[in-house]
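Close look at the chain arrangement
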Amino acid sequence: ARARYKCYRDVAIMLIVLGAALYVVAVNGWWVPFIIAYVIPELLAANMQSWRRLTEHVGLYGDDTLALTRSIVPTNPLELFYCRVMLNENYHASHHKKASIKWTDLPDDTETLYRENEDVRKLTFNTYFKAIPHMLKELGDPRIGSQWLLEGKDIPAARTAS
């Protein structure tokens, strides 16, 4: 009951704040600046977050953290900047394997993790643009995890990040 109360309270706070903001925008006729400064960045951010999340998980059928995540280990300044803005969540295996690790330590931990587990190194990419095609192949059947495999059968070749 307490958790439900907190959820309702948080939604009410968001609706009140958004309602107040929309009221001020409407009274002052600031719709164009509001769309440019708030709506477009909000849609872009949500879209980027969804692509990131899907790219890191969809279509992987392993049975441990390393086999269930694609990690992006950036090498160019633009990717490094994007990953830093996303609080290094692109180092996704470490992000899942060590949930309490500081976001600033994820890059170093990822290198150590994959150095110790060369067999899943194929699930690391230096840009999201190289990882996205691997995810797109799986969107038609976007299941994740070994629970989807038939017992006693190998992982289908199409399901591995070859």
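A brief report on the enclosed structure follows. Counting starts from 1 at the beginning of each chain's written sequence and moves along it residue by residue. Totals for whole chains, interfaces and linings use every residue, but because this is a predicted model, local features are given only for residues with pLDDT of at least 70 and side-chain atom pairs only at 80 or more, for both listing and counting. Each side-chain value is worked out from all heavy atoms of the structure, with water and hydrogens disregarded.

With that out of the way, let us pick up helix α3 (residues 77-85). Accessible area is worked out with a 1.4 Å probe on protein chains only. A residue is then buried under 20% of its type maximum, exposed over 50%, and partly exposed in between. Working definition: helices are DSSP H or I runs of at least four residues, strands are E runs of at least two. Numbering for both runs from the N terminus. Taken together, the buried positions of α3 are Glu79, Tyr82 and Cys83. Angularly, the buried residues of α3 cover 95 degrees about the axis, an arc narrow enough to put them on a single face. Facing away from the buried side of α3, by more than 90 degrees, are the exposed residues Pro77, Phe81, Arg84 and Val85. Where α3 is buried, its residues contact α2 (31-57), β1 (71-72) and α6 (128-136). The term polar contact refers here to a pair of N or O atoms within 3.5 Å; inside protein, the definition further demands a hydrogen-donor-capable atom paired with an acceptor-capable atom, and it admits residues adjacent in sequence only when both atoms are side-chain atoms. The N-cap of α3, judged by a side-chain oxygen 3.1 Å from the amide nitrogen of Leu78 a few residues on, is Asn76. One or two steps after α3, the chain reaches Leu87, where phi turns positive at roughly 55 degrees. In this context, the arc is that of the directions from the helix axis out to the C-beta atoms. For this analysis, residues touch if any pair of their heavy atoms sits within 4.5 Å.

When the centres of two rings from Phe, Tyr and Trp lie within 6.5 Å, Trp using its six-membered ring, the rings pair. Their planes under 30 degrees apart give stacked, over 60 give edge-to-face, and anything left gives tilted. Within this structure, the stated rule accounts for three aromatic pairs. Ring geometry for Trp31 versus Phe34: centroids 6.0 Å apart, planes at 85 degrees, classification edge-to-face. Of this pair, Trp31 and Phe34 both sit in helix α2, three residues apart, which is roughly one turn of that helix. Taking relative accessible area as the criterion, Trp31 reaches 39% and is therefore assigned partly exposed. Seen from their ring centres, Tyr82 and Tyr128 are 5.6 Å apart, and the 85 degrees between their planes marks the pair as edge-to-face. Of the two residues, Tyr82 is situated in helix α3 and Tyr128 in helix α6; the sequence distance between them amounts to 46 residues. Given the relative accessible area of 19%, Tyr82 is considered buried. By the ring-pair criterion, three or more aromatic residues cluster together here, those being Trp31, Phe34 and Tyr38.

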